[in-house]
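The residues making up each chain are set out below.
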Amino acid sequence: GHKPAQIVILHKFLADEFEKFCHANSGPLPLLYRSQPGEWKYLKITDNSDIGTDCPQYCRHELGRFTGNVADLLEYSNELEEMVTFYLGGSFSVEQMLLKAGVPLRHVEQNRTISMYKTSVPCREVGRFHCNMVVSMRPVPEGKLDAVAQATHPARDVHGAPVHMGHPGLIGINDLSRPDYGDPVEPHQGDIPVFWACGVTGVEAVQGCIVCFFFFFEPPLAFTHTPGGIFITDYKRDEFGPVPNTDPAETVQTFCISQNPLHYSVASAAAVQKIRTLECHIGADPGDRGIKALFIQDELLKASMCMSHAASVLITTGFPTHFNQDPPEETDGPPGAIAMAAMLQALKKQVAIVTDHRALEMNKKIIEDAVEQGILRTEVPLLSFQDDSQDSTLRFLCQDGNPQTPRYDHLVAIERAGRAADGNYYNMRKVNIKHLVDPIDTLFTTASTIPGVMTTGIGDGGNELGMGKVKEVVMKYMPHGDLVACNVGADFAITAGVSNWGGYAVACALYILNCCPIHDRYLRKAVGFPRHSEQDSWTSALPTVTKEEKLLEILVNYGIRSGKTGNLGMEVDGLPFYDTHSAMIQQLGKIT
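Residues numbered from 1 in each chain as written. Predicted model: local features only at pLDDT ≥ 70, side-chain atom pairs only at ≥ 80, totals over all residues. Heavy atoms only, no water.

Draft legend 1. Highlighting the packing of helix α8 (residues 269–282) against helix α9 (residues 299–309). Running from N to C, α8 and α9 cross one another at 120 degrees; their axes reach a closest spacing of 8 Å. Taken together, the axes of α8 and α9 lie oblique to each other. Remark: the crossing between α8 and α9 carries right-handed chirality. Residues Val272, Ile275, Leu278 and Glu279 of α8 form the contact with α9, whose own contacting residues are Glu299, Leu300 and Leu301. (Axes fitted to C-alpha atoms, helices over the stretch in contact; angles between N-to-C directions. Helix = DSSP H or I, 4+ residues; strand = E, 2+ residues; numbered from the N terminus. Parallel < 35°, antiparallel > 145°, perpendicular 65-115°, else oblique. Left-handed = near helix turned anticlockwise from the far one by under 90°. Contact = heavy atoms within 4.5 Å.)

In structure tokens:
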């Protein structure tokens, strides 16, 4: 029932660097106390402690190499006079919190030491200290994930909330049955692997520390606790347990964003509510087409969370509804695509756009103009795709056509003509426009077979790429739905009154998520520092009336027309920009 601490003892020459390393990686290394050189007691949390004897066992390190375990440090009393002890919060402290939240502890039930694993997550390097993070794992019933995250979130001095929930391979763990430290723990049916930052990271940091021993008369020593063999303080856990917090900004909510591989993400209840409000607003139906029947709650939230975790995103747009005009495109789609691209650029994601080969030159000029007008920060790479060989799709999506190394983590289609069940492409007036559409749908169908590549479709009628997820509803409720409904689904289908609104909402949702400290910490895996300094850049990438007005003017200059009316002017889907669309952009901005 007492609060534990994990121990790192270093020569005073290294102490300042290690303290900075702890502050730069506060998730795995929450620093409770740094001693003075030769200080053996920690009177703040113990009445009569002796750091040389009070751990069950110690690891001895020399020049960064583990050289064995010792029962105590009594024979090193002279060396300890020149050494500094770091006391770090330990994840064993969270277990009382989890039990209070009704979460079973499988390793306790099985009388085993908790499983700990080395990961592929790099800590923030400071001076000589660099290593990958170590995590502890507890199997948790899926229905308890919210409770687990909320119970541990306030306890920052003992690692806080989980840093990963889901497939271990996403953080570089190949086999849960073979932990690097501790014992393997058997999950129950329906359990999800949940990972916390672990103080054994300090052991890895010491082992990875390379020190020039010319500073010393002999190679420098270091000591750490053995994994699982921790220092026990006099504090009872109840004395330092966090007070429950009902503030929506401090309330953690979890969502499954991928089934293959299994992956959960988190955000505050306040951020979630903002994004749900965005979703509600873009669901307005100005054309009175009955699109509310296509609505699936939280598709905007989950798609945006998924993109927030992605390193690279491929966007596609282009609906040649005006088959007898040149160009045949409409003004719905490109503005939303560019709004998403601008925010993804600001978030330092790799982003590219794939479109029809016949429209490459026009789109290249549109992007160049968008950069010149300050709508985009830099040009977005433009691609085209032709399904002209057996492996062309895999070669486009993956390095060397290998599904183990995809180029893109997420594919997004916004107002992109979608293939119907008969293999043709239709506008809402039942006109077949297949001769104007490249087979980009094939990228989406292949992506669904590649683990870790997710897809999103944004549409306003059901004939758009990705809206095959709601095909049955489109066929039942939308005009001509039995013919025009897209047959190609996506993992997430975002329905909006105008597809551009869906793109604007994704950009806003990405901003909300990355400004949410709970989501930001989870993205960083609790290493490094909060990204406050980048928020001005994100804010400048948000869609605004001025930017979207400029972009629409660019499209009109290239002869791109409104979808419904075919008018060449400042309107989208037959709705005047200076009324409906500007009001929507302003409303989304206020919510964000």
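Draft legend 2. Quick look at the sheet that holds strand β17 (residues 410–416). Spatial ordering of the open sheet is given by β16-β15-β14-β17-β18-β19, a layout of six strands whose pairing is parallel. Because the sheet does not close on itself, it has two edges, and the strands there are β16 (382–383) and β19 (492–495). When strand β15 (residues 350–354) meets β16, the two strands line up parallel, connected through two bridges. Among the inter-strand pairings, Ile353 is bridged to a residue of β16, identified as Leu382. Most of the contacts of helix α16 (residues 499–515) go to strand β18 (residues 454–459), to which it runs at about 135 degrees, and overall it touches β17, β18 and β19. (Pairing = 2+ DSSP bridges.)

Draft legend 3. Layout of the sheet that holds strand β7 (residues 132–141). One open sheet holds the four strands; their spatial order is β6-β7-β9-β8, and the pairing between them is antiparallel. Each having just a single partner strand, β6 (115–122) and β8 (164–165) make up the two edges of the open sheet. Pairing geometry for β7 and strand β9 (residues 191–197), over seven bridges, is antiparallel. Each residue of the ladder has a partner; that of Pro141, found in β9, is Asp191.

Draft legend 4. Expanded view of the pattern of salt bridges. Within this structure, the stated rule accounts for 21 salt bridges. Between Glu19 and Arg34 there is a salt bridge, with its nearest N and O atoms 2.5 Å apart. Here the residue Glu19 occupies a position in helix α1 (residues 12–24), and Arg34 occupies one in strand β2 (residues 31–34), the gap between them amounting to 15 residues. With a closest N to O distance of 3.9 Å, Lys348 and Glu534 form a salt bridge. You can see Lys348 sitting in the loop between α10 (334–346) and β15 and its partner Glu534 sitting in the loop between α17 (517–524) and α18 (535–540), a full 186 residues away along the chain. (Salt bridge = Lys/Arg side-chain N within 4 Å of Asp/Glu carboxyl O.)

Draft legend 5. A look at the packing of α8 against helix α20 (residues 577–591). α20 packs onto α8 with a crossing angle of 165 degrees between their chain directions and a minimal axis gap of 10 Å. If you check the angle between α8 and α20, you find them roughly antiparallel. Crossing of α8 over α20 shows right-handed handedness. Contacts between α8 and α20 pair Lys274, Thr277, Leu278, His281 and Ile282 from the former with Met584, Gln587, Leu588 and Ile591 from the latter.

Draft legend 6. Up close: α8. If you check α8, its first and last C-alpha atoms are 20 Å apart, about what 14 residues at 1.5 Å a residue would give, namely 20 Å. Every buried residue of α8 is listed here: Ala269, Ala271, Val272, Ile275, Leu278, Glu279 and Ile282. (Expected span 1.5 Å × (residues − 1). Buried < 20%, exposed > 50% of the residue type's maximum accessible area, 1.4 Å probe, protein only.)

Such coordinate-based values are descriptive only and should not be taken to indicate function.
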